[in-house]
Structures are given as structure tokens and as C-alpha cells.
Amino acid sequence: MSAYYQSMNTSPESSKKIEQELIPMIPMRHGKMPVIGMGTFGSDHVSNEQMADAVLGAAEVGYRHFDCAEVYGNEAEIGASLEQVMTSGVAREDLWINSKVWNNHHTAKDVIDACKRSLDDLRIDYIDLYFVHWPFRNFHAPFCDVDARNPDSHPYVHRELMETWEALEFLHGEGLIKNIGTSNMTLPKLELLIKDASIKPDANEMELHPHFQQPELLEYCIRQEIQPIGYCPLGSPGRPERDRTSDDTTDIEDPVIVQIATAHNVHPAIICIKWAHQTGIAPIPMSTNPRNYYANLKAVTEDPLTEEEMKSISAIDKNCRLIKGQVFLWEGATSWEDLWDLDGTITR
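What comes next concerns the included structure. Note that the structure is a prediction, hence the values are computed from the model and not measured. (Residues numbered from 1 in each chain as written. Predicted model: local features only at pLDDT ≥ 70, side-chain atom pairs only at ≥ 80, totals over all residues. Heavy atoms only, no water.)

Regarding the pattern of salt bridges
Pairing between side chains of opposite charge can happen when their charged atoms approach one another.
So, point 1. Counted by the stated rule, this structure contains 15 salt bridges.
So, point 2. With a closest N to O distance of 2.8 Å, Arg-92 and Asp-128 form a salt bridge. Placement of Arg-92 in the loop between α3 (75–87) and β5 (96–101) and of Asp-128 in strand β6 (residues 127–132) is noted, with a sequence separation of 36 residues between them.
So, point 3. With relative accessibility at 11%, the residue Arg-92 sits in the buried group.
So, point 4. Asp-128 gets classed as buried once you look at its relative accessible area, which sits at 5%.
So, point 5. Among the charged side chains, a salt-bridge network with shared partners connects Asp-67, Lys-100 and Glu-205. (Salt bridge = Lys/Arg side-chain N within 4 Å of Asp/Glu carboxyl O. Helix = DSSP H or I, 4+ residues; strand = E, 2+ residues; numbered from the N terminus. Buried < 20%, exposed > 50% of the residue type's maximum accessible area, 1.4 Å probe, protein only.)

Here it is, written out as C-alpha cells:
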């Protein structure tokens, strides 16, 4: 773990609170979404109970947006925390809860069943934003090696995604989900979906940080009025070793980020949050440390980056994708790049 990241793990801020009127909101098709959310994927180093406790603490300091998923394995514990938050006086309509359908639940019936499980586990009667987690049915065993291959995996099949999407449209019509979104999409897949969908995606969740800015896809989403939501906004300094490669870079150690952080007297991670917010991205950083998640929330409420600082950060894009998705590859695939349609055409 980066020394910069470790340095934030001191001095709890649980007694501090950001007032709701200071947190900017994003108008969505249905409702308004806080510009920053709390990620809840603890990977293999944060227990379900720790994540649930962090959700409680984050709500206390002012978070209202929580990004969940059934595959994270902690929605039941998080649901207990959300229930406690609502019991304490926060209205359901003031919360913004995301969830996602996992890859092995993409048939119409399975999508509906998965959504209802998430509703039950999260102890809510609707989901504000429900994503297709990945645009294919390839999946893997939990915590498997990146070289593992599922023999049933195969390249993208558009009719399969459309079956999944139409189930989300049905759930939307039933009022069980208010907005629907894509995740881990590529530009050609997104264009194809938009052409065939009855309801256009409201949001696209994608890896976004200063060293991986995805300008073409990001600009396309903004033009299409699809809200970009950025995961790994700090460059995922705490991700497991199995997800690291020798080519990976570390955003919060970049000299430009460090220099700007010094000028603002904040941790480099805060500069990444500010960059995302000012670029039009809703970042969803994950932390279980009160000082970290308080600082992340505070970052979107004060002391914006200057135009020159934003330009400086735009120049340090290294096209460094950290979440490569190797475990979703099929037999015969050339490399993880086959998942991402780098030449602008869908890999078949």
C-alpha cells in the first residue's frame, strides 16, 4: 500500500459533519444524485461488518450516496446499516442507493430475482440506480487467480445484453428501480445499446482517475447525457496484489498531483477527487477510515482546482487501466485488451 495512502489512516473525523446543502447534486431522470458516493467493494481486505460500520459512519458525516452490488457479498450487512440510518431520521428519499446485477444473473428471470434480492438485503423498496455490472455473462469464482478461465465464457453477444437490459427496463416500469445504468462498457458496445434500447442508460460506471481519463468515452457519455460515475477515483492504491501488474502507475504519487496537493495543503487523494468532480464525474471512493471518507466528501464542497491545475492534470493521462478484467476472458482470447474493444470495434 502506498505511503501516501497509509498517511491518511490517522486522526478520526467522526465528530465532524458536512451539511447537506453544501453537497452538490446531479439531476437524474428520476431524482437528484449527490456528486460523490461511497464505494462499498471491500475486496478481500475489508470484512462485511467493517464495510457496514463504514456506511454508518459515512452517513453520520454527511454521505447520502452509496454504491453497492450483490456480488460484493455485503448488501445484507449494509442494509442493516441503511435501516439504522433511516430509523435515525434520514428519509429514504434523501438517500441515493446504487446496486448492480452480476454476470451470472443476466437472463430476464435472473435479473428480476437478483434485483429483488438486493432490495430485500438492502431493506429498501426501490433502488435509485441499478447497473448491469459487466456487459457479458462471463463470471469467475471469488478470489480466483487472474489467469483462471471459465470454460463457459465467450465474447460479447449483443442479444444477450439486450435480454438483460430489457429486464432492467421492466423493473423500471414496475417502479423497483428509478434509473438504469451500464458499467464497464466500451464506446462501441454503448453505441449499440443506445440504438436498440427503449430506455437509454442514465449513467455509466467506469474506471476513471487522472492516470486513466478515458476522454473519448467520457465525452461521449456527457454528450449523450449519460452521467459518468467513476470507480477507482484515487487509482485504487489499496487493491489486492493479484490485481496489480508491472505496468501500473500510482496517481497519488504523480509529481503533478503531489505539487497541486501541496499548494492546496491536502493529501494527493483529495486532488483526484476534486479533478473528478470538476470534470463532471461522480466519484465513488471506498474507505473505511473516518478521516479518509470525511476528507473525500469535504473535497467536493470547497477550494476548487484552478483552470491551470485542471489542465495540468489532463496532461498526465497515462491510459493506465488498473481493472483489466482478465478473469472474464474466454479460451482463445489474445489478452485482457480483447474485453475493451481498443480499435473501436467489438471483439467477436
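So, next bit.
Overview of the pairing of β6
So, point 1. Judged by how many residues are buried, β6 sits mostly within the fold: six of six residues are covered.
So, point 2. Pairing of β5 with β6 involves four bridges; the strand directions are parallel. Bridging across to β6, Ser-99 finds its partner in Tyr-130.
So, point 3. Handedness of the crossover is the feature at issue here: the chain leaves β5, passes through helix α4 (residues 108–122), returns alongside β6, and the resulting connection is right-handed.
So, point 4. Relative to strand β7 (residues 177–183), β6 runs parallel, the two being bridged by five bridges. (Pairing = 2+ DSSP bridges. Right-handed = clockwise from strand over helix to strand, strands pointing away.)

With respect to the nonpolar core
So, point 1. Ranked by internal contacts, the top residues of the largest apolar core, which has 93 residues, are Tyr-63, Phe-66, Tyr-130 and Leu-168.
So, point 2. Leu-168 has contacts with Val-101, Val-111, Tyr-130, Phe-131, Val-132, Ile-177, Ile-180 and Gly-181, leaving out every residue within four places of it along the chain.
So, point 3. Val-327, Leu-329, Trp-330 and Trp-340 belong to the second largest nonpolar core, which has nine residues in total. (Core = buried A, V, L, I, M, F, W, Y, C linked by side-chain atoms within 4.5 Å. Contact = heavy atoms within 4.5 Å.)

What to know about helix α7 (residues 215–223)
So, point 1. Turning to α7, its buried residues number three or more, namely Leu-217, Leu-218, Tyr-220 and Cys-221. The buried residues of α7 occupy one face: seen down the axis, they fall within an arc of 160 degrees. Summarising the geometry of α7, the exposed residues directed more than 90 degrees from the buried face are Glu-216 and Arg-223.
So, point 2. With its phi angle positive at about 60 degrees, Glu-225 sits one or two positions after the end of α7. (Arc of directions from axis to C-beta.)

Brief notes about the packing of helix α2 (residues 48–61) against α3
So, point 1. Here α2 crosses α3 at 25 degrees, and the two axes come no closer than 8 Å. As the angle between them shows, α2 and α3 are arranged roughly parallel. The handedness of the crossing between α2 and α3 comes out as right-handed. Each of Asn-48, Glu-49, Met-51, Ala-52, Asp-53, Val-55, Leu-56 and Ala-59 in α2 lies in contact with α3, whose residues at this interface are Glu-77, Ile-78, Ser-81, Leu-82, Gln-84 and Val-85.
So, point 2. Residues belonging to the contact of α2 with α3 are distributed by class as follows: eight nonpolar, three polar and three charged. (Axes fitted to C-alpha atoms, helices over the stretch in contact; angles between N-to-C directions. Parallel < 35°, antiparallel > 145°, perpendicular 65-115°, else oblique. Left-handed = near helix turned anticlockwise from the far one by under 90°. Nonpolar A, V, L, I, M, F, W, Y, C, P; charged D, E, K, R; others polar.)

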